[in-house]
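# Inside the fold
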Amino acid sequence: MRVEDGSGETLHLHDTLIAATHNIIVEGFLQEISPRAVTRIAENIYAQTESLQAEVLRVRNPQIACAKGCAWCCTSYVSVTTLEVVFLTAFIRANLSPEEVETLKERTAQSAERRRGLDSNAQEALRLFCPLLKQNGCSVYAARPLMCRGWTSKDADICRMNVEQPGETPIPVPYYRLFKEIAASVRVGVQSGIDQTPLQNDDLELVSALNVALNTRDIVERWLAGEQVFPDEIIIKE
Ligand code: SF4
C-alpha cells in the first residue's frame, strides 16, 4: 500500500486496508488458534497501521500539534474490538510487574465504576484520564488500541481547554482526517476478520472491557475457546 504524493488520492485505500486486515486475521487463526497467534496477529495489524501512518507523515507532512507528553486526548471515550482488549491484556500481563498490574486493576475498576450505565457522551463528559496513562505517556504504547492510533489534533489548546475548562459539550477538535480513516478502516477489517471465526466479536468501551479482562482468569484462552468473556452489559449497542 502506498500513499501518493501531491494531489493524487490514494486509490481504494479504505477497501485495501479492510481486505488486508481481514486476511491477516483469517490466515493467522487458520494457522493456529492460540495466545501466540493473538500476539502475532495484533502485532502484524498494528505494524501495518504504523507503517502506513508513517508514510502519510513522510509524504504529506500534515501540520499536527500532537507531541510526546501531551495527553489531553487520553480523556476521550475509546471503543475497542475484542481482539484489541484481549491482546492488550496479554501485553499487560507480559510487560507489567504483578504490583503494577494490581495498581492498574484498582485504577481501572474505579474508572469503570464511574462510567457504569452512562452512554458514550456522558462518559466523555466525565473527562477521566485513561487508567493506562502514566506520567503523561501511554504505559501500553505498543499495544494501544486503533482508536488511539487514529487520533490527531491540529490545536492542542482546544484539547487542553476541553479538559481544564469543560463546557457542556466539548469544542470540536480539528484533526487530520487521513490518520483517523486509516485506523477506522483497519478496525473494520478486524471486525470483518473476527466475524469469520467463532470468537466473540463486539464493540466495547476500553476501560469497562479492560476491567473485565483484568479480573477474568485465563481471558485469552477462554476467548479463544469461543466463550463470551465480555458480558452483555458492557457491549456497546449505540
Ligand atoms: S490506551 Fe494509551 S493512548 Fe489510549 S487513551 Fe489510554 S493512555 Fe491514552
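Scope of this entry: the structure provided in the associated data block. (Residues numbered from 1 in each chain as written. Predicted model: local features only at pLDDT ≥ 70, side-chain atom pairs only at ≥ 80, totals over all residues.)

Before going further, it helps to spend a moment on the site of the ligand. Close contacts around the ligand come from C74, V78, C130, L132, L133, C138, V140, R144 and C148, and that covers them all. Broken down by class, the residue content of the shell around the ligand amounts to eight nonpolar, no polar and one charged. (Near = placed C-beta within 6 Å. Nonpolar A, V, L, I, M, F, W, Y, C, P; charged D, E, K, R; others polar.)

As a further point, take the nonpolar core. V85, V86, A209 and L210 are the most contacted members of the largest nonpolar core, which totals 52 residues. For this core, the secondary-structure elements that each account for two or more residues are α1 (13-31), α2 (35-60), α3 (82-95), α6 (146-150), α8 (177-195), α9 (206-214) and α10 (219-224). Excluding residues within four positions of it along the chain, L210 makes contact with V85, L88 and T108. (Core = buried A, V, L, I, M, F, W, Y, C linked by C-beta atoms within 7 Å. Buried ≥ 20, exposed ≤ 12 C-beta atoms within 10 Å, placed from the backbone. Helix = DSSP H or I, 4+ residues; strand = E, 2+ residues; numbered from the N terminus. Contact = placed C-beta atoms within 7 Å.)

For the rest of this paragraph, the subject is helix α4 (residues 98-115). An ideal rise of 1.5 Å per residue puts 26 Å on 18 residues; α4 measures up with 25 Å between its terminal C-alpha atoms. Where α4 is concerned, the buried positions are T108, S111, A112 and R115. Buried residues in α4, looked at end-on, bunch into an arc of 100 degrees, giving them a common side. Across from the buried face of α4, at angles greater than 90 degrees, the exposed residues are E99, E102, E106, E113 and R114. Taken from the residues just after α4, G117 is the one with a positive phi, measuring 80 degrees. (Expected span 1.5 Å × (residues − 1). Arc of directions from axis to C-beta.)

Attention shifts here to the environment of S153. Looking at where S153 falls in the secondary structure, it is placed in the loop between α6 and α7 (156-164). Taking the C-alpha atoms as reference points, S153 and I64, separated by 89 residues in sequence, lie 5.9 Å from one another. Beyond its immediate sequence surroundings of up to four residues, S153 is in contact with A65, C66, C73, C159, V173 and Y175.

What follows is about unusual backbone geometry. With the exception of glycine, the majority of residues adopt a negative phi angle, and the majority of peptide bonds are in the trans configuration. Despite not being glycine, Q135 has its phi angle at roughly 45 degrees, a positive value. Note on placement: Q135 falls in the loop between β2 (133-134) and β3 (137-138). Phi at D218 is positive, roughly 55 degrees, even though this residue is not glycine. For D218, the location among the structural elements is in the loop between α9 and α10.

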